Amino acid sequence: RMQRLITDIAAASRLEAEISRTTSETFDFAALMTNLVTSWSGRGVPLNFHVNSSGLLGHGITGQLVQVAENLIGNAHSFSPAGGPIAVGI
């Protein structure tokens, strides 16, 4: 258990250092998510995608946001029944 905690703290430190070196940017959040959903759909994962508004802009580090969204969709896929659709909405 201690080893896992030490590993987690080291990973958090590396991530914090990476964030401090990376500049954030403004991006089209709807387009970013549309591309991500298209990628997952291309892998045969059934996704229901709904964008509540157009022109959704975000500001941050897009690579890390994509990683978070990938993790969320991946978790939803792994815990859903086989062939069960995943709802993604923004």
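Look up a bit, the structure's there.
Presented here is an overview of the structure given in this document. (Residues numbered from 1 in each chain as written. Predicted model: local features only at pLDDT ≥ 70, side-chain atom pairs only at ≥ 80, totals over all residues. Heavy atoms only, no water.)

Turning our eyes to something else, we now look at the overall build of the protein. Along the protein, the regular secondary structure elements total 3 helices and 4 strands. Along the chain direction, N to C, the helices and strands of the protein fall in the order α-β-α-β-β-α-β. A globule of 90 residues ought to have a C-alpha radius of gyration of about 12 Å, yet the protein, at 16 Å, is considerably larger. When its C-alpha atoms are laid out on the principal axes, the protein stretches across 40 × 35 × 20 Å. For the protein, buried positions account for 20% of its 90 residues. A separation threshold of at least 6 residues defines the contact pool for the protein, and within that pool the share at least 24 residues apart is 85%. Entry remark: accessible area of the protein is about 6,300 Å², with carbon and sulfur atoms responsible for 58%. Treating the 5 positive side-chain charges of the protein as one cloud and the 6 negative ones as another, the clouds have centres 13 Å apart. (Helix = DSSP H or I, 4+ residues; strand = E, 2+ residues; numbered from the N terminus. Rg over C-alpha atoms; globule rule 2.2 N^0.38 Å. Buried < 20%, exposed > 50% of the residue type's maximum accessible area, 1.4 Å probe, protein only. Contact = heavy atoms within 4.5 Å. Areas by Shrake-Rupley, 256 points an atom, 1.4 Å probe, with all protein chains shown as cover. Lys, Arg positive; Asp, Glu negative; His and termini not counted. Charge placed at Lys NZ, Arg CZ, Asp CG, Glu CD.)

What follows covers helix α2 (residues 29-42). Over its 14 residues, α2 runs 20 Å from end to end, which matches the ideal 20 Å to within 8%, given 1.5 Å per residue. Those residues of α2 that fall on the buried side of the exposure criterion are A30, L32, M33, L36, V37 and W40. The buried residues of α2 all sit within an arc of 160° when viewed along its axis, so they share a single face. Away from the buried face of α2 by more than 90 degrees, exposed residues N35, T38 and G42 are located. Lining the buried residues of α2 we find β1 (25-28), β2 (47-50), α3 (62-79) and β4 (86-89). A side-chain oxygen of the first residue of α2 lies 3.1 Å from the backbone nitrogen of A30; this N-cap is D28. Where α2 terminates, the next one or two residues include G44, which has phi positive at roughly 85°. (Expected span 1.5 Å × (residues − 1). Arc of directions from axis to C-beta. Polar contact = N/O pair within 3.5 Å; in protein donor to acceptor, adjacent residues only side chain to side chain.)

Nothing here speaks to function; it is all geometry.
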